[in-house]
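What follows is the residue order along each chain.
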Amino acid sequence: MTALLQVEDLKVAYGKIEAVKGISFTVQQGEVVTLIGTNGAGKTTTLRTLSGLLKPAGGKIFFDGTPLNGIGAHKVVAMGLAHSPEGRRLFPRLTITENLQLGAFLRKDPDGVQQDINMCYDLFPILGERRKQAAGTLSGGEQQMLAMGRALMSRPKLLMLDEPSMGLSPIMMQKIMETIRELKAQGTTILLVEQNAQAALSIANHGHVMEVGKIVLSGTGEELLHDESVRKAYLGED
Amino acid sequence: MNDLPQQLANGLLLGALYGLIAIGYTMVYGIVQLLNFAHGEIFMIGGFGALTMWLWMPDGTNLAVALPLMILMAVACSVLVAVGAERFAYRPLRGAPRLAPLITAIGLSIALQQAIWAWYPDATKARPFPEFTGSRIELGSVSIQRGDLYLLIAAPVCMIALGFFVSKTRSGRAMQATSQDPDTAKLMGINTDRIIVMAFAIGGAFAAIAAIAHGLRYGNVDFRMGFIAGLKAFTAAVLGGIGNIYGAMIGGIVLGVAEAMATAYVGNIPGMEQFGGGSWKDVWAFVLLILVLLLRPQGLLGERVSDRA
């Protein structure tokens, strides 16, 4: 069975500085894969390259059997790869509803879009209550919910989440992680980048540990969660 | 002061003209943070486009009949130049330091002026533009030139159409998204290159419509006319809050009214006699700009500089 996403020896450079130095991994249909690692490991760069915002310096990306080689970001979305970026990046002066509508920008089924917006409000009732409010006025947790909702609005085959728990209170973080678990249970394929390794690994089917642009360790979520070096480096245990 | 309504009307008309041109500055700035200093020339070229169409008409054609075709031609010329400038002058510099496109814009502005000077027949001097003949139109205590009727209709129609486009259509929504966060707009599937072209095209079309108003009002078009008009419109855009389309129109009107008032009344202030009259109006316009920049740098309708959470 071919993987939904197949990354082979991917390299990404900012000028002469190589941020991603040849990584390979796959994401199978229906699974959650996580990339963990410290700041500057190249996780966000990897996601930004997959979604077409950055051009790879080398290597190959296959999505759903089709090569994604430097095609524009707006075409990648059309193929079914949605990206909820680091820092949430909502459209601050547009309302919640307008942000969600933009998530469905390429869809041609207005009824389906409306249905999905309502589903989103069921998933996150607080967003429904504030649907006419500008996104910039929401709290961090509410913004994260909206960012995830917006990414789901394109009905993606693969959802990429970059640091969904960043800057959130512990309660909010738990709520977001629960939502990811729920999405997984519904069969959504997810590529998750997280600094909260404990939470990410306990949800993920597979995980990859990145350090300075390379994957240094791979395994199932369970394996990595119990790996001694991972526990020392990322789970804060001696 | 009993000519106050008349002066207000003059100011409003002048302001509407500035506002129409200012839309081009503000839309392009709002999306790519570029000050397109060639926009004044895009305006000027619209004027020459309209004149060309007029000269193609058989002798004795009624101006009112010719006007729609002149508008079409003016818009076509300005949009073509605006979109061409984006494609060949600015797009290759996207991502370059801010100074590079700015200098390119100034160079382009000079090049376009000189191109008209050199290649448009007899354009080394101002060329006469057709005018609506007949007496001025009386509206109560106010009278306006017949030609200004065009501006009186065109400016509100354009603004309402633009407001509708930006807030209600799919492309307009995409335009707002692109101006707020271009990278994320791409992640939504928006082709931001197309949105940028659209902003240049709309700005060009509005400038062309304004150029005809300018021609009808002053009775000529001139290869230099884009310089001061462009500078004033840029001032209007900054006054209103650059990046905000309603701000551009309001900034234009504030500027136009301020100019008309200063022209009419500054000379009446004891001790200021020598600063009144038309020759000082540009000075007062830029004094207003400096005051706004000092007291409210974001402009009248400007948004907070940082609004990203």
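Residues numbered from 1 in each chain as written. Chains lettered and ligands numbered in written order. Predicted model: local features only at pLDDT ≥ 70, side-chain atom pairs only at ≥ 80, totals over all residues. Heavy atoms only, no water.

In the annotation of an unreviewed UniProt entry, the entry for chain B reads Branched-chain amino acid ABC transporter permease, and the organism field reads Streptomyces synnematoformans. The heading Sequence similarities (unreviewed entry) in the UniProt record of chain B holds the text "Belongs to the binding-protein-dependent transport system permease family. LivHM subfamily." A UniProt comment under Subcellular location (unreviewed entry) is attached to chain B, and it reads "Cell membrane". (UniProt positions renumbered as here; feature names shortened; annotations may be inferred.)

Looking at an unreviewed UniProt entry, one finds chain A named ABC transporter ATP-binding protein, with Streptomyces synnematoformans as its source organism. You can read under Sequence similarities (unreviewed entry) in the UniProt record for chain A the words "Belongs to the ABC transporter superfamily."

Student: Pulling in residues and values, what's your account of the pattern of salt bridges?
Tutor: Any two side chains of opposite charge can pair if their charged atoms end up close together. Summed over the entire model, instances satisfying the criterion amount to 18 salt bridges over all chains. In this structure, the salt-bridge partner of Glu 98 of chain A is Arg 173 of chain B, at a minimum N-O distance of 3.8 Å. Of this pair, Glu 98 of chain A sits in helix H3 (residues 96-103) while Arg 173 of chain B sits in helix H6 (residues 170-180), which puts the two residues in different chains. Summarising the burial analysis for this pair, Glu 98 of chain A and Arg 173 of chain B share the class buried. Through salt bridges with shared partners, one network takes in Arg 107, Asp 109, Asp 116 and Arg 155 of chain A. (Salt bridge = Lys/Arg side-chain N within 4 Å of Asp/Glu carboxyl O. Helix = DSSP H or I, 4+ residues; strand = E, 2+ residues; numbered from the N terminus. Buried < 20%, exposed > 50% of the residue type's maximum accessible area, 1.4 Å probe, protein only.)

Student: Describe in detail the interface of chain B and chain A, supporting the description with residues and values.
Tutor: The partner chain A presents 22 residues to the 19 residues of chain B that form the contact. Between chain B and chain A, the buried area comes to about 2,200 Å², and carbon and sulfur atoms account for 59% of it. Per-residue buried area on chain B facing chain A is highest for Gln 180, Leu 187 and Met 188 of chain B; these three make up 31% of the total on that side. Inspection of the region where chain B meets chain A yields three salt bridges. (Contact = heavy atoms within 4.5 Å. Buried area = accessible area lost by both parts, 1.4 Å probe.)

Student: Any details on the sheet that holds strand E1 (residues 5-14) of chain A? Residues and values, ideally.
Tutor: Residues and elements named next belong to chain A. A sheet is described by the order of its strands in space; here four strands give the open sequence E2-E1-E4-E5, paired in antiparallel fashion. Looking at strand neighbours, the two that pair on one side only are strand E2 (17-27) and strand E5 (66-67), the edges of this open sheet. Pairing analysis gives eight bridges linking E1 to E2, with the strands arranged antiparallel. Across the sheet, the residue bridging to Tyr 14 is Ile 17, located in E2. (Pairing = 2+ DSSP bridges.)

Student: I'd love a proper account of the packing of aromatic side chains, names of residues and values included.
Tutor: Applying the stated criterion across every chain yields a total of six aromatic pairs over all chains. Geometrically, the ring pair formed by Phe 48 of chain B and Tyr 120 of chain B is edge-to-face, given 4.8 Å between the ring centres and 65° between the ring planes. Linking Phe 48 of chain B in helix H2 (residues 39-56) with Tyr 120 of chain B in the loop between helix H4 (99-119) and strand E1 (127-128), this pair joins segments that are 72 residues apart in sequence. Each of the two residues, Phe 48 of chain B as well as Tyr 120 of chain B, counts as buried. Members of the aromatic cluster, connected to one another through ring pairs, are Tyr 25, Phe 37 and Phe 234 of chain B. For the cation-ring pair, Arg 87 of chain B lies above Phe 88 of chain B, with the distance from its terminal atom to the ring centre recorded as 5.6 Å. The residue whose ring lies beneath Arg 170 of chain B is Phe 105 of chain A, and the NZ or CZ to ring-centre distance is 4.0 Å. (Phe/Tyr/Trp six-rings, centres within 6.5 Å; stacked < 30°, edge-to-face > 60°. Lys NZ or Arg CZ within 6 Å of the ring centre and 35° of its normal.)

Student: Explain the UniProt feature "transmembrane region" (unreviewed entry) in chain B residue by residue, including any values.
Tutor: All names here are of chain B. As annotated by UniProt and renumbered to match this structure, "transmembrane region" (unreviewed entry) occupies residues 12-32, 39-57, 63-85, 97-120, 149-166, 195-213 and 225-246. The span residues 149-166 shows a helical share of 100% and a strand share of 0%, and its end C-alpha atoms are spaced 26 Å apart. Helix makes up 100% of residues 195-213 and strand 0%, and the two end C-alpha atoms of the span are 27 Å apart.

Student: Account for the layout of surface pockets, naming residues and giving values.
Tutor: In this model, the second largest pocket occupies a volume close to 750 Å³. Taken together, 30 residues line the second largest pocket, and the ones lying closest to its centre are Ile 31, Val 32, Arg 94, Gly 95 and Ile 196 of chain B. Counting only elements with at least two residues in the lining of the second largest pocket, the list comes to helix H2 (73-79) of chain A together with helix H1 (4-32), helix H3 (63-90), H4, helix H7 (182-187) and helix H8 (192-218) of chain B. Broken down by element, the residue count for the lining of the second largest pocket peaks at four residues, all from H8 of chain B. (1 Å grid on protein atoms, 1.4 Å probe; cavity = no way out; pocket = protein on both sides within 12 Å on 5 of 7 lines; lining within 4 Å. Points joined across faces, edges and corners; volume = space filled by probe spheres on them.)

Student: Provide a residue-level description of unusual backbone geometry, including the pertinent values.
Tutor: Residues and elements named next belong to chain A. Residue Asp 64 is not a glycine yet carries a positive backbone phi of 55°. Position of Asp 64 relative to the elements: it lies in the loop between strand E4 (58-63) and E5. Backbone geometry places Arg 88, a non-glycine residue, at a positive phi of 70°. Here Arg 88 lies in the loop between strand E6 (81-84) and H3.

Student: Which residues make up the pairing of E4 of chain A, and what values go with them?
Tutor: Residue and element names in this part refer to chain A. The pairing of E1 with E4 spans five bridges and is classified as antiparallel. Within the sheet, the bridge partner assigned to Val 7 lies in E4 and is Ile 61. Relative to E5, E4 runs antiparallel, the two sharing two bridges. Counterpart to Phe 63 in the pairing with E5 is Thr 66. Joining the antiparallel neighbours E4 and E5 is a turn of two residues, in which Asp 64 adopts a positive phi near 55°.

Student: Hey, could you go over the sheet that holds E6 of chain A for me, with residue numbers and the actual values?
Tutor: What holds strands together in a sheet is hydrogen bonding between their backbones, with the strands either parallel or antiparallel. All names here are of chain A. Strand order across the open sheet formed by six strands is E6-E7-E8-E3-E9-E10, with mixed pairing between neighbours. This sheet does not close on itself; its edge strands, each paired only once, are E6 and strand E10 (214-220). Taken over all neighbouring pairs, the strand axes of this sheet differ in orientation by 15° on average, direction set aside. Bridging between strand E3 (residues 32-37) and strand E8 (residues 189-194) involves five bridges; their strand directions are parallel. Residue pairing for E8: Ile 36 is matched across the bridge by Glu 194. Here helix H7 (residues 170-185) sits on the sheet and contacts E3, strand E7 (158-162) and E8; the angle it forms with E8, its principal contact strand, is near 155°. (Axes fitted to C-alpha atoms, helices over the stretch in contact; angles between N-to-C directions.)

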